[in-house]
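A look at the structure
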Amino acid sequence: MSAEIEEILKRYSNFPNVSGIIIVDAFAIPIKTTMEYTLTVHYAALANNLLAKGSKMVQKLDSSNELTALRLRTLNHELMIVPEENFFIVVVQKPCE
C-alpha cells in the first residue's frame, strides 16, 4: 500500500492550485500528508465525519449506489474527498477564479 500512497501523492501534487494532500486510514488517522500536522488531524477528523454522512445520504437515496467522491467548495478552499477501500484521500486546493 505504501507504493500506492506515494503514487497518489505524486499524482495529486501535480494538479494546479493544490495546497495539501492527506491520506487517512479507516480510523480517521492520517497516514501521510503534505500539510502541517495539527491542520492535517483537524481536516482528517472533519472529512471522516463528512464522508460518513455523505455515504449514508447516498445509501438512503439509492441503496444500490455508493459514494465515489465528495467535493466541497468554499470561498477560500475546495476539498475533494475520495474514499478508497482501506483509506480515503483529502485534497485541499485554492478554488479557481
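Here the residue numbers are simple positions, counted from 1 along each chain's written sequence. Reporting in this predicted model follows two pLDDT cut-offs: at least 70 for local features of residues, and 80 or more for side-chain atom pairs to be given and counted; totals over whole chains, interfaces and linings ignore these cut-offs and use all residues. Excluding hydrogens and water, the side-chain values take into account all heavy atoms of the structure.

1. A short note on the UniProt feature "domain: Roadblock/LAMTOR2" (unreviewed entry) in the protein chain
According to UniProt, the positions carrying the feature "domain: Roadblock/LAMTOR2" (unreviewed entry) are residues 5-93. With 38% helix and 33% strand, the stretch residues 5-93 has end C-alpha atoms that lie 19 Å from each other. UniProt positions are given in the numbering used here, feature names are shortened, and annotations may be inferred rather than shown by experiment. Helix and strand assignments follow DSSP, with helices taken as H or I runs no shorter than four residues and strands as E runs no shorter than two, numbered in order from the N terminus.

2. Thoughts on the side chain of E78
Secondary-structure assignment places E78 in strand β4 (residues 78-83). Nitrogen and oxygen atoms within 3.5 Å of one another constitute a polar contact, given that in protein one can donate a hydrogen and the other can accept it, and given that sequence-neighbouring residues count only through two side-chain atoms. Looking at E78, its side chain comes within polar contact range of the side chain of R71, at 2.6 Å. Beyond its immediate stretch of four places on either side in the chain, E78 contacts R71, L72, R73, V91, V92, Q93 and P95. Two residues form a contact once any of their heavy atoms are found within 4.5 Å.

3. Topic: the nonpolar core
Counting residues in hydrophobic clusters, the biggest one holds 15 residues, and the most contacted among them are I22, V24, Y43, I81, F88, V90 and V92. Elements represented by at least two residues in this core include exactly β1 (18-25), α2 (37-61), β4 and β5 (87-93). At 5 residues, α2 tops the list of elements feeding residues into this core. Discounting chain neighbours no more than four positions away, the residues touching I22 are P30, K32, T33, M35, T40, Y43, F88, I89 and V90. The next biggest cluster of nonpolar side chains, apart from the first, holds 11 residues, and it includes I21, M80, V82 and I89. Side-chain atoms within 4.5 Å link the members of a nonpolar core, which is a set of buried Ala, Val, Leu, Ile, Met, Phe, Trp, Tyr and Cys residues. Buried, partly exposed and exposed residues are distinguished by accessible area as a fraction of the type maximum, computed with a 1.4 Å probe on protein chains only: under 20%, between the cut-offs, and over 50%, respectively.

4. Topic: the pattern of salt bridges
Salt bridge, as used here, is a side-chain nitrogen of Lys or Arg placed within 4 Å of a carboxyl oxygen of Asp or Glu. The tally for this structure, following the rule as stated, stands at 2 salt bridges. Across the pair E78 and R71 runs a salt bridge whose closest N-O atoms are separated by 2.6 Å. The class of R71 is exposed, set by a relative accessible area of 56%.

5. Considerations on the sheet that holds β1
At least two bridges found by DSSP between two strands is the condition for calling them paired. Read across the sheet, 5 strands follow the order β2-β1-β5-β4-β3 without closing on themselves; strand pairing throughout is antiparallel. Looking along the sheet, the strands with just one partner apiece sit at the ends: β2 (30-33) and β3 (70-73). When strand polarity is set aside, the average angle formed by the axes of neighbouring strands in this sheet is 15 degrees. Sheet topology places β4 next to β5; 6 bridges connect them, and they run antiparallel. Bridging from a neighbouring strand, E78 pairs with Q93 of β5. In this analysis, axes come from line fits to C-alpha atoms, helices being fitted only over the stretch in contact, and the angle between any two N-to-C directions falls in the range 0 to 180 degrees. Running at roughly 160 degrees to β1, helix α1 (residues 2-13) makes contact with β1, β2, β4 and β5 of the sheet. Along the sheet, α2 makes contact with β1, β2, β3, β4 and β5, crossing β5 at roughly 115 degrees.

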